[in-house]
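Fold and contact review
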Amino acid sequence: MTKLSLSKEKIKVVLLEGVHPDAETLFRQDGYHNIHIYKSTPADDELQNILSDTHILGIRSRTQLKGANLAACEKLMAVGTFCIGTNQVDLESCTSKGIPVFNAPFSNTRSVAELVMAEIILLLRGIPEKNAKAHRGQWHKSALHSNETRGKTLGIVGFGHIGSQLCILAEAMGMQVKYFDIENKLPLGNSMAVSSLEDLLPQVDVLSLHVPDTELTRQMIGAKELALLPKGAFLVNAARGLIVDIDALANSLRIGHLNGAAIDVFPEEPASNNDPFESPLLEFDNVILTPHIGGSTQEAQVNIANEVADKLIKYSNNGSTSSAVNFPEVSLPALHADLTRVMHIHENKPGMLEQINHSFSSQKINIAAMYLQTLGEIGYVIMDVNCESSDPIVNQLKDIEGTIRVRVLH
Ligand SMILES: NC(=O)c1ccc[n+]([C@@H]2O[C@H](COP(=O)([O-])OP(=O)(O)OC[C@H]3O[C@@H](n4cnc5c(N)ncnc54)[C@H](O)[C@@H]3O)[C@@H](O)[C@H]2O)c1
Ligand SMILES: O=C(O)[C@H](O)COP(=O)(O)O
């Protein structure tokens, strides 16, 4: 069995934010027992303390791994975001520290699309308002502003995994789908691409957002864009809170321009279920408010736990970085019993390989196999070698200027 330079007993795995227990099970089955589980994100001081000796960290969308938190991660080897989004992590800093970040790019796609489809039906029937009134003892039987989905136009912003999955569900319900994406995307079924957001907005009955949180998407739906939607339209946001100007949305609902909304994500979200939730949208009966649960189904959480834990374990056990979001991707075979695997993460600049090769030849170490991949500023080279002790070569490799990290498997 392959031995890690740091034994599995010593590798500290921290799983925050109630990551599904299947992840812990997978780590334990593989021999990792130094596992620490937290239901939410600890407060900043405690978090920094926890992170100071953590080797493998699992988070969901809430924990911010930036600035001081990331600076506290002196021993961090790999990060798993047990969700789709990775905007909560400073990916550039992770890369420059030689830390690969893994996510689950489509394990909760279906869950989000189903929730959004359900919300579209409820909004078009005016259910949120009728439900709220019924809870207050008011009977509101009326067909006014109550419509079928069939024949209505759904505008989708971001035609990626979730947007396109939603398109399939919406078309099955008889909706006409029009979408805007910054990339050229294949129109599925009868859907039609629209060349700009401004062109899309006036054409839709319901607008649903499925873009990541980036500099380009932050506040992409503000007062101007809301005004371009037809009077009586609906907005759904199950993407990220900062994509919509929430005050402009509240204003549009207040003046009766929008007829309702379904919002799952907010510019500021409570750190845990014990913290209060505040939003300018609380006053509106015609708004469905959900606590960022688009991907929170048993099916999705089980899939995510297994997918991300598996990627983290593979990286720790054999160095594979397949589907890392910020790192050169290398898929490695199992290490031959007679060999030692030396993994060298370095700044991607001319002359590195020459120096690495020279280190091995000067110590008369035969290289049995070599794998190399680079991505932007970073290079990752893996050598399976014949050597009695790895300490001398590791020390020599660490001395090469531009070396970020060296790991060894026996
Ligand atoms: N509410 C939840 O629980 C939940 C669950 C999963 C994902 N999400 C959010 O949903 C987002 C989308 O998920 P996905 O899996 O579909 O991602 P994806 O990467 O598959 O698709 C995103 C699409 O948005 C497009 N895009 C990016 N910038 C754009 C811009 N400025 N204008 C127009 N299009 C743009 C991309 O080209 C891509 O096609 C995630 O980034 C995440 O933030 C939320
Ligand atoms: O990015 C995601 O996948 C969603 O926002 C879900 O995040 P969560 O796991 O924190 O609910």
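Remember, predicted model here, so these are calculated numbers, not experimental data. (Residues numbered from 1 in each chain as written. Chains lettered and ligands numbered in written order. Predicted model: local features only at pLDDT ≥ 70, side-chain atom pairs only at ≥ 80, totals over all residues. Heavy atoms only, no water.)

**A look at the pattern of salt bridges**
Throughout the structure, instances matching the rule amount to 14 salt bridges. Between Glu24 and Arg28 there is a salt bridge, and its shortest N-O distance comes to 2.9 Å. Note that Glu24 and Arg28 are positioned in helix α1 (residues 22-29) at a spacing of four residues, about one turn of the helix. According to the relative accessible area criterion, Glu24 is partly exposed, its value standing at 22%. (Salt bridge = Lys/Arg side-chain N within 4 Å of Asp/Glu carboxyl O. Helix = DSSP H or I, 4+ residues; strand = E, 2+ residues; numbered from the N terminus. Buried < 20%, exposed > 50% of the residue type's maximum accessible area, 1.4 Å probe, protein only.)

**Some details on the packing of helix α12 (residues 352-362) against helix α13 (residues 391-398)**
Where α12 contacts α13, the axes come no closer than 10 Å and their chain directions differ by 150 degrees. Between α12 and α13, the angle falls in the class roughly antiparallel. Relative to α13, the crossing made by α12 is right-handed. Together, Ile356, Ser359, Phe360 and Ser362 of α12 and Ile393, Gln396 and Leu397 of α13 make up the contact between the two elements. Class assignment of the residues belonging to the contact of α12 with α13 gives a composition of four nonpolar, three polar and no charged. (Axes fitted to C-alpha atoms, helices over the stretch in contact; angles between N-to-C directions. Parallel < 35°, antiparallel > 145°, perpendicular 65-115°, else oblique. Left-handed = near helix turned anticlockwise from the far one by under 90°. Contact = heavy atoms within 4.5 Å. Nonpolar A, V, L, I, M, F, W, Y, C, P; charged D, E, K, R; others polar.)

**Concerning the side chain of Ser196**
Here Ser196 lies in the loop between β8 (192-193) and α8 (197-200). A distance of 3.1 Å separates a polar side-chain atom of Ser196 from the backbone nitrogen of Asp199. (Polar contact = N/O pair within 3.5 Å; in protein donor to acceptor, adjacent residues only side chain to side chain.)

**Let's talk about a nonpolar patch on the surface**
Taken together, Leu353, Met370 and Leu372 make up a surface patch of nonpolar side chains, about 220 Å² in accessible area. In this fold, Leu353 is placed in helix α12. Exposure remark for Leu353: the relative accessible area of 32% places this residue in the partly exposed category. (Patch = residues over 30% accessible without salt bridge, like charges linked within 9 Å, V, L, I, M, F, W, Y side chains within 5 Å. Areas by Shrake-Rupley, 256 points an atom, 1.4 Å probe, with all protein chains shown as cover.)

**Topic: the site of ligand 2**
Taken together, Arg60, Ser61, Phe82, Cys83, Ile84, Gly85, Asn108, Arg240, His292 and Ser296 are the residues near ligand 2. Here Arg60 contributes a side-chain N or O atom positioned 2.7 Å from an oxygen atom of ligand 2. Burial of ligand 2 by the protein amounts to 90% of the accessible area it has alone, namely 320 Å². Here the shell around ligand 2 is composed, by residue class, of three nonpolar, five polar and two charged. (Near = heavy atom within 4 Å.)

**Thoughts on the domain arrangement of the protein chain**
What the domain assignment lists for the protein chain is domain 1 (1-107 + 298-327), domain 2 (109-289) and domain 3 (328-410). Computed from C-alpha coordinates alone, the two centres of domain 2 and domain 3 are separated by 50 Å. (Domains from an automatic or database assignment.)

**Quick look at the UniProt feature "domain: ACT" (unreviewed entry) in the protein chain**
The UniProt feature table records "domain: ACT" (unreviewed entry) at residues 341-410. Secondary structure content for residues 341-410 is 27% helix and 47% strand, and the end C-alpha separation is 6 Å. (UniProt positions renumbered as here; feature names shortened; annotations may be inferred.)

**Let's talk about the sheet that holds strand β16 (residues 403-409)**
Sheet strands line up and pair through hydrogen bonds in the backbone, either parallel or antiparallel. With respect to topology, four strands assemble into an open sheet ordered β14-β15-β13-β16, the strand pairing being antiparallel. With one partner strand each, in any of the chains shown, β14 (366-375) and β16 form the two edges of the open sheet. Adjacent strand axes in the sheet meet at a mean angle of 15 degrees when their direction is disregarded. Sheet topology note: the β14/strand β15 (residues 378-386) ladder contains nine bridges and is antiparallel. (Pairing = 2+ DSSP bridges.)

**Here's the deal with the sheet that holds strand β4 (residues 78-81)**
Taken together, the five strands give an open sheet; going across it, the order is β2-β1-β3-β4-β5, and neighbouring strands pair in parallel fashion. Strand pairing shows two members of the sheet lacking a second neighbour, β2 (35-37) and β5 (101-102), which therefore form its edges. In this sheet, β2 lies alongside strand β1 (residues 13-15) in parallel orientation, the contact comprising three bridges. Within β2, the position partnered with Val13 by the bridge is Ile35. Packed onto the sheet, α1 meets β1, β2 and β3 (56-59) and runs at close to 170 degrees relative to β2.

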